[in-house]
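# What the coordinates show
Next come the chains, spelled out residue by residue.
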Amino acid sequence: MSEDTQKLEILVGLYELAISRLFETVPGGKEAKRLFVDDVRQLLDSTNELQPHSPAAQTYEALLRRLGAAPPDAAGGLGVVPTPEQGLPPSGSGQ
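Please read all numbers here as calculations on a predicted model, not as lab measurements.

Take unusual backbone geometry next. Phi is positive for His53, which is not a glycine, with a value near 65 degrees. Given a relative accessible area of 68%, His53 falls into the exposed group.

Here it is as structure tokens:
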């Protein structure tokens, strides 16, 4: 894996963690998370119409899993990816 790819994975993981922390700590965070999840689902649906199983669609699916917003039978069969709050460290892009 290239150094640039590793750096990108670290940055994505940090952004995911920051977003999760914001949803947990700010007033109205639950509503903001719900709206964000709705937006990501719309992006996923639009992307799947044009490019099913593309890297972008896989990224949106992984983000939904990381947010705990994907059903257990979601693509990849991973369901909700464990988070630090559940006792395991984050893993890169969530895949």
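With that settled, the discussion passes to the nonpolar core. Counting residues in each nonpolar core, the largest one holds ten residues, listed as Phe23, Val37, Val40, Leu44, Ala57, Leu63, Leu64, Leu67, Ala69 and Ala70. Contacts of Ala57, omitting those with residues within four sequence positions, involve Leu44, Thr47, Asn48 and Gln51.

This part is about the packing of helix 2 (residues 29–50) against helix 3 (residues 55–66). The geometry of helix 2 relative to helix 3 is characterised by a closest axis approach of 9 Å and an angle of 155 degrees between their N-to-C directions. When the axes of helix 2 and helix 3 are compared, the pair comes out roughly antiparallel. In this structure, helix 2 meets helix 3 at a crossing whose hand is left-handed. Two secondary-structure elements touch here, helix 2 through Phe36, Val37, Val40, Arg41, Leu43, Leu44, Thr47 and Asn48 and helix 3 through Ala56, Ala57, Tyr60, Glu61, Leu63 and Leu64. Here the contact of helix 2 with helix 3 is composed, by residue class, of ten nonpolar, two polar and two charged.

The next point concerns the pattern of salt bridges. Per the counting criterion, the structure on display carries five salt bridges. Here Arg21 ties to Glu24 by a salt bridge, and the two come within 3.2 Å at their closest N and O atoms. Placement of both Arg21 and Glu24 in helix 1 (residues 3–25) is noted, with a separation of three residues, approximately one turn of the helix. Residue Glu24 is classed as partly exposed on the basis of its relative accessible area of 46%.

Cut-offs and rules
Residues numbered from 1 in each chain as written. Predicted model: local features only at pLDDT ≥ 70, side-chain atom pairs only at ≥ 80, totals over all residues. Heavy atoms only, no water. Buried < 20%, exposed > 50% of the residue type's maximum accessible area, 1.4 Å probe, protein only. Core = buried A, V, L, I, M, F, W, Y, C linked by side-chain atoms within 4.5 Å. Contact = heavy atoms within 4.5 Å. Axes fitted to C-alpha atoms, helices over the stretch in contact; angles between N-to-C directions. Helix = DSSP H or I, 4+ residues; strand = E, 2+ residues; numbered from the N terminus. Parallel < 35°, antiparallel > 145°, perpendicular 65-115°, else oblique. Left-handed = near helix turned anticlockwise from the far one by under 90°. Nonpolar A, V, L, I, M, F, W, Y, C, P; charged D, E, K, R; others polar. Salt bridge = Lys/Arg side-chain N within 4 Å of Asp/Glu carboxyl O.

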